[in-house]
Structures are given as C-alpha cells and as structure tokens.
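Here are the chains, one letter per residue:
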Amino acid sequence: MTIYLDHAATAPINDAAIDALNTQMRKVGNASSVHNPGRAVRKDVEDARHKLSELVGANPSEIIFTGSGTEANNLAIKGFFWQAPKRNLIVTSAFEHHAILDPVQWLVEHEGAEQILIPITKAGVIDLDFLGNIVATRGSDIAVISVMHSNNELGSIQPIAEVVRIAGDIPVHTDAVQSFGKVEFDFAALGVTAATISAHKVGGPLGIAALILQRGLDLTPILHGGGQEREIRSGTLNAPSIVAFAAAAEYAITNMKVNFAKIRELRDYFIAGLKSAVSDVSINSVLDPALPGIVNATFPGTESDALLLLLDTEGISASAGSACSAGVPRPSHVLVALGLSESDADASLRISIGTTNTKAEIDQVLAVMPSVVERARNAFVVSGLD
Amino acid sequence: MKLIAAMSGGVDSAVAAARAVEAGHEVIGVHLALSSNPQKYRSGARGCCTIEDSHDARRAADVIGIPFYIWDMAEEFHDGVVENFLSEYADGRTPNPCLRCNEKIKFAAVLDRAKGLGFDGVITGHYAQMQETSLGRVMHRAVDPGKDQSYVLAVLNTEQLAGAHFPLGDTVKDNVRIEAKRRGLYVANKPDSHDICFVPSGDNAGWLRDRLGSEVGSIVDEDGKKLGEHKGAYTYTIGQRRGLGITVPAAGGEPRYVLKIEPKTNTVVVGSHEALAVTKIVGDRPIWCGPEPTLNIEHRGFAQVRAHGSPLACTYVQTGTEIKVDLDEPLFGLAAGQGLVIYDGDRVVGSATVARTE
C-alpha cells in the first residue's frame, strides 16, 4: 500500500480529466485544419481555452499552451530577454524552480545576460526592499523580473502584487505552477505580464501547461513551425490534453475552498504529530499565507536520501525538494536560500499533502517516523576516511 | 535477508541483484554516484560513473523489479580513493585504487550505511566465492579464472566479508551474459570496464601529470650516471621498459628497465632485467580474510601482487604488523604500494600493502 505525500511533484489525475481525455482522444482532426473534423476539434480547444481563461482571470487569447511548465518558463525568460536587446539584466528570486534559474543561467553563459537573485527573508518571502533598490538603480537594464507565486518547497505565497507595483513598466513573470487551483490566483487582478500554469499539478494530465501572456505583447519564440498560439508556440495543438487541462482546472477550482480547508487541517495535524514524534524536528515551511499542503521539515543528524529510502520501504512517498532527474541528491537551493546550512538542508524532507490523503494515512506516517529517523541517524556517515 | 545491491550499471551487478531476489532476499538497488560532476569522470561505455551508467543501473533495477536509489559517495570517493591515488604516486608508490575503493567505499561506507538503515549486507557483481567451512566464512577464487576478482577483495576483513555477498563467483562470465539476456537485462552485451574509472581516457601518466605537474628530472643508472630526462618520476612504473627515451645505450646493448622511483629527487633509476628480481617482499597493513595465520611461524602459500598476476609459491610469516614473503622463484618488477595477497590454494588468506622488497 502506498501513502502518496508528494502532491507538489505531481498530483493524481482526477476523473473529470480522464473522462475529458478519453472522449477527446476518440476524435480525429487537427485543430489547424480547415475541414469539418478540424473545425470541430478547434472548437473543443477554444472552449477549453475559454473555460481556462475564466478560471485564471485572463482573456482567452492570453493563454498560450505549451508542453510543460518548464517550457512555459523558458519561453517567458528567453522570450522577454530576446525582446529587449538593450536590457540584459534578469531579476529572479533566489528560490525559483530550476525551470527558471537554469534558463537564466543559460542566457548568462551564452547570450551575455546578467542575473540578479532577490534574497529570501526568514519568513520565506522575497526581500522587497532589495527588489526596490535594484529597480531604482538598474531598472532600465532589466528585461524581466520573475518571481514564483508560491514556493514549491516552503509553500509561502509571494507578494506578487507588490512586485508588480515596484516593477512599473518592467515585465513581470510569475511561475504559478504550484498555486493555480490550490489558492486564489487571478492573472488580471495581479497585473503580471505573464504567468505559468501546469495541468498535472491540479489533477490534469502530464505534458500540458500554459504561459499566460498579456494581449498585444510579443515574445521571441523558441519553437518555430506552424505558427500556432499567436506564432509564439508552434506545434500541433494537443487537443485531448488541453480539454482535460480545462476539465481538471474547473474541478480543482470548484472545490478549491473545501479542499484548502481539508488539506490545511491535515497539514496542521501532521505538523503537531511530527513535533511530538520527533522532538528535535524543525519546520521550515511557511504556514500562512501559504499553499495548504506543504510541510518542509529538518531532521537533524540525518540525510534526506536515507529518510526517503526508509519511507519508501514503508510505502510512504515523500520528497527532498524538486524531483531531480539526475538522481544525485543535492541540498535544496531553496532551503539554502532560506538560510539553512548545507547539512541541515540535506537533512530535510518535503511532504506535500493533497486532496486524496486521509487522517488515517497521516497517523500511519507519524507511527513510523520515530523509527525511520532513528535508522537514518544510524546510517549517517560522517565523511572523513583515514 | 535484507540486502543492498550495489549496481554499477554493468551486467555483473545486475545479474547479481537478480539472483539475490530469486534466492528470496529482500533487495534494494543502489547506484553509487562517485563524482559530484559526472562529466568529470565521463568514460563512455567503459566506466561506471557516468549518467548513462546510472540510467542503465536504474533500468536494470526496474526490470528486476526492485526499488532503486542513487547514493552520493562523491566526497568519500574523492577523499578516500582519488586523493590517496595521487598521494601514493607522489610518494613514488604504485597504488591500486580498486582495492582502495572496495576497502573504503563499497564495503565500508556503503556497508556501514546499509547496516545503519537496517539492512544485513551488500551484494556486488564481483567474481569471488564466499564459503562456509570449518574455518568459518572464507573467501575463495571465482570459478572463472579470467574474471576472478578475489585479489581486489582481499582488503576486506572478516567483519566486512560477513556482510558481503558475491552471487556470481560460481559462474563463468559468458554464462552471466547469457543469463542477463534471458532475464531481459539489456546491459547483457555492455562491454566490461577495464580502466581506472576516474581516469576515463586510460592515460594514467597524462592524468597524473595534469595534477602533480611535469617537473623535468633525471633518468640515471644504478651508479647514478645520468642517461636522460623525464617529465615527472611518478608517471613511471617499476619494471617499465618502453618509453624511457634513453639515447645512451647500455654497455652490453641489453634493454633497460625502471628499477626505482625516487620522488624526493624526482629521479628514475634504470638497470638490467636481472636487477628487477625480487624474492623477498615485506607488506604492511595486514588484513585477514579468514582465520589469522599463527604468528611468527612459517606457512606455505601463494603470493599474488597484481589483479591478474600469477600466484607465486612462497613461504610467509606474519608478525602482527607485517607479512614477510619468501618467494620460491624470483618475480621481476614490484613497486611499493601494490597489493600483496596471500592464498592457500584457492582460499584468500589475507593481504598487505607492499612496503619494501629485496
């Protein structure tokens, strides 16, 4: 039996999305074709776009579908950078996802970009004073400011409206992949220039996401081809996934308030239980304003990969931060940005609770935690060979 | 038993893990990341440290149906193996990093971690046989003489060997490949690794020069007469004949060999083949793989000084801190730092590090 506590990595697909996928996959037609079947599929795609735009507080034409959140982030960072040849500075928070930090790093290494990271305060939010100073002194150099809407490891919601106010005319992008469908997120109300959302974090399928981009703006594309999506993102429209994305998002947002309360209650129950199960645990994640289900905790004297292995053998799925494809565990840059030492960052776990979890599951996790932590401590190998 | 299978991404460790599962053990696959920057130790299909190798290991674990994790042992490997390799060469000795890795990483850091996590031991794809005998649990050579790896495992003490499992020791390599294919492990045809994994180019001398410098020194004969120059004494090995670049011929025209490396003066001493002859070897840091031989009395056995060297009949004495070996026939060319392994027939008695020779 598996107790799945890694919803921030990916959430279980919901029935609404599966039904939508199944139905749409049986339809033939390229949404860009002029014939009847093509037009029919185009209508389904545009209905989905319309629905999604209402759910996210945008105009339908502001939604540009992409193949992943990573692609949308790359499109925003590189697109804004290439649109402003006279501005080579990119400002992001220090604890962005790698899908933001790495494209910026690539532009630094290959395209002469300069990067400035906004530090993180002890409260788990960006330092607005720092941003204010950068904008005041270097504003005319900044091509784009990108700050995530909520942090995927700490759960903390970022003051994006403040960022927009400070930025003035500078484009602001926000990676809202973790927020959308879980907490209030309204594109137009926030006033950002662009935002990233992704289906699989809200119960939709993998491989479909969107960049929301204000109308009338152009971005330098990464993919060239058929000119779909305002000629910003070419590629045959993935109609089944788009339709399922909208269905999943509708389901998530319709139930958002109920789920928020339920998940938050489980989170608080878990944190209270964890503190009594493991006396020296420290909680890094932010309680409010925050995503409801993120718990990030440090277990001193352990290594996260040992904790994950032991939890896995108990049937419990957790994470040590972002899933890392290289597989070599590294101390989380998010926790280091928050001010943790590398060894404390390396001794930390992220547990992300979702709609499918129950109190009974949390009780089972709490029951095994003391022994898991004890074994991980036994295994802690202090480097220092003779 | 609950066992950790160390999976390199090669065919041997994959089959070893599969056999352990079949034998009814609860097995978890672990790939050791030995470099914090895998590009650094990149070695195509030959090594065991690339991203591709970790993917191969993961895929094998998936096919076998066991959980799989990557353990970051880069720091331990660098401090315990790579640094030691460099410092040994800088001291004019010839280390064997595979011995060192088995002693300090696979059956120390990994085994200790496995035990801490509640596992009973470590499985590897090494070719050697553990046998329960009247002497206790002892290690024997593998049945495949071409693949036998008991030499590089002879640095393990009885406690380490108690937690070590080598499921392939009873099988010849060809049959392991056939078995891998039958089990659907696509690494079945992956080439064997040969080189030192952290020297992917195979250019040991160049790798050492890059790190220890290439200061010019003298090549001299046994009387101290200068015959030529070299670029770093540590890039030579005792017994080396080729690549000396000496233009002054020997008096009798016979070939010359490296006899000695003197790191302090950066001097390489060369001489005749006869001068390489060694009959007495003293090894320090003795490690016993089974019952410890009685102190200070002569025992008969075989000495082996290279991974694929021949066993040499000998008489040996152990003094508690050293093993003194008297070979029946001389061997030609032996460097301090090499592993000295003592066998009793096919049974591994123990090992020491060559300290000096006569």
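Q: Any details on the overall build of chain A? Residues and values, ideally.
A: When its secondary structure is counted, chain A shows 13 helices and 12 strands. Here chain A holds 386 residues, and 54% of them are scored as buried. Sequence-distant contacts in chain A: of pairs separated by 6 or more residues, those separated by 24 or more amount to 72%. In chain A, the 28 positive side-chain charges and the 42 negative ones have mean positions that sit 6 Å from each other.

Q: Got a sec to walk through the sheet that holds strand S4 (residues 121–123) of chain B? Specific residues and values, please.
A: Strand order in the open sheet formed by 5 strands is S3-S2-S1-S4-S7 (chain B), with parallel pairing between adjacent strands. Each end of this open sheet is capped by a strand with a single partner; those strands are strand S3 (68–72) and strand S7 (164–165) of chain B. Pairing analysis gives 5 bridges linking strand S1 (residues 2–6) of chain B to strand S2 (residues 26–33) of chain B, with the strands arranged parallel. Across the sheet, B:Lys2 pairs through a bridge with B:Glu26, a residue of S2(B). Against the sheet, helix H10 (residues 304–313) of chain A engages S2 and S3 of chain B, with an angle of about 165° to S3(B).

Q: Could you give an account of helix H4 (residues 98–111) of chain A, with specific residues and numbers?
A: What sets the pattern is the α-helix's 3.6 residues per turn: residues three or four places apart point alike. Residue and element names in this part refer to chain A. With 14 residues, H4 extends 18 Å between its outermost C-alpha atoms, agreeing within 8% with the 20 Å of an ideal straight helix rising 1.5 Å per residue. For H4, every residue scored as buried is listed here: Ala 99, Ile 100, Leu 101, Pro 103, Val 104 and Leu 107. The secondary structure elements touched by the buried residues of H4 are helix H3 (69–83), strand S3 (89–93), strand S4 (114–118), strand S5 (142–146), strand S6 (172–175) and helix H11 (333–338). Once H4 ends, the next one or two residues include Gly 112, with phi positive near 75°.

Q: Outline the environment of B:Leu295, supporting the account with residue identities and numerical values.
A: Residues and elements named next belong to chain B. Summarising the element assignment, Leu 295 is placed in the loop between strand S12 (277–288) and strand S13 (299–304). Taking the relative accessible area as the measure of exposure, Leu 295 reaches 43% and is therefore partly exposed. Along the primary structure Leu 295 and Leu 168 are separated by 127 residues, whereas in three dimensions their C-alpha atoms are 34 Å apart. Beyond its immediate sequence surroundings of up to four residues, Leu 295 is in contact with Gln 318, Thr 319 and Gly 320.

Q: Outline the packing of helix H9 (residues 256–277) of chain A against helix H13 (residues 359–379) of chain A, listing residues and values.
A: All names here are of chain A. Relative orientation of the contacting elements H9 and H13 amounts to 20°, with a least axis distance of 10 Å. Taken together, the axes of H9 and H13 lie roughly parallel to each other. The chirality of how H9 crosses H13 is right-handed. Packed against H9, whose contacting residues are Leu 266, Tyr 269, Phe 270, Gly 273, Leu 274 and Ala 277, the element H13 presents Lys 359, Ile 362, Asp 363, Val 365, Leu 366, Met 369 and Pro 370 at the interface. Here the contact of H9 with H13 is built from residues that sort into 10 nonpolar, 1 polar and 2 charged.

Q: If you had to explain the pattern of salt bridges to someone new, which residues and values would you point to?
A: Residues and elements named next belong to chain B. Across all of its chains, the model carries 35 salt bridges over all chains by this definition. Notably, a salt bridge pairs Arg 137 with Glu 132, separated by 3.5 Å at the nearest N-O pair. Of the residues examined, Arg 137 reaches a relative accessible area of 25% and is grouped as partly exposed. Here Glu 132 falls in the exposed class, since its relative accessible area comes to 62%. With its nearest N and O atoms 3.9 Å apart, the salt bridge here joins Asp 346 to Arg 141. Taken together, the residues span a long stretch of sequence, with Asp 346 in the loop between strand S16 (339–344) and strand S17 (347–357) and Arg 141 in strand S6 (residues 136–141) at a distance of 205 residues. You can call Arg 141 buried: its relative accessible area is 14%.

Scoring rules and cut-offs
Residues numbered from 1 in each chain as written. Chains lettered and ligands numbered in written order. Predicted model: local features only at pLDDT ≥ 70, side-chain atom pairs only at ≥ 80, totals over all residues. Heavy atoms only, no water. Helix = DSSP H or I, 4+ residues; strand = E, 2+ residues; numbered from the N terminus. Buried < 20%, exposed > 50% of the residue type's maximum accessible area, 1.4 Å probe, protein only. Contact = heavy atoms within 4.5 Å. Lys, Arg positive; Asp, Glu negative; His and termini not counted. Charge placed at Lys NZ, Arg CZ, Asp CG, Glu CD. Pairing = 2+ DSSP bridges. Axes fitted to C-alpha atoms, helices over the stretch in contact; angles between N-to-C directions. Expected span 1.5 Å × (residues − 1). Parallel < 35°, antiparallel > 145°, perpendicular 65-115°, else oblique. Left-handed = near helix turned anticlockwise from the far one by under 90°. Nonpolar A, V, L, I, M, F, W, Y, C, P; charged D, E, K, R; others polar. Salt bridge = Lys/Arg side-chain N within 4 Å of Asp/Glu carboxyl O.

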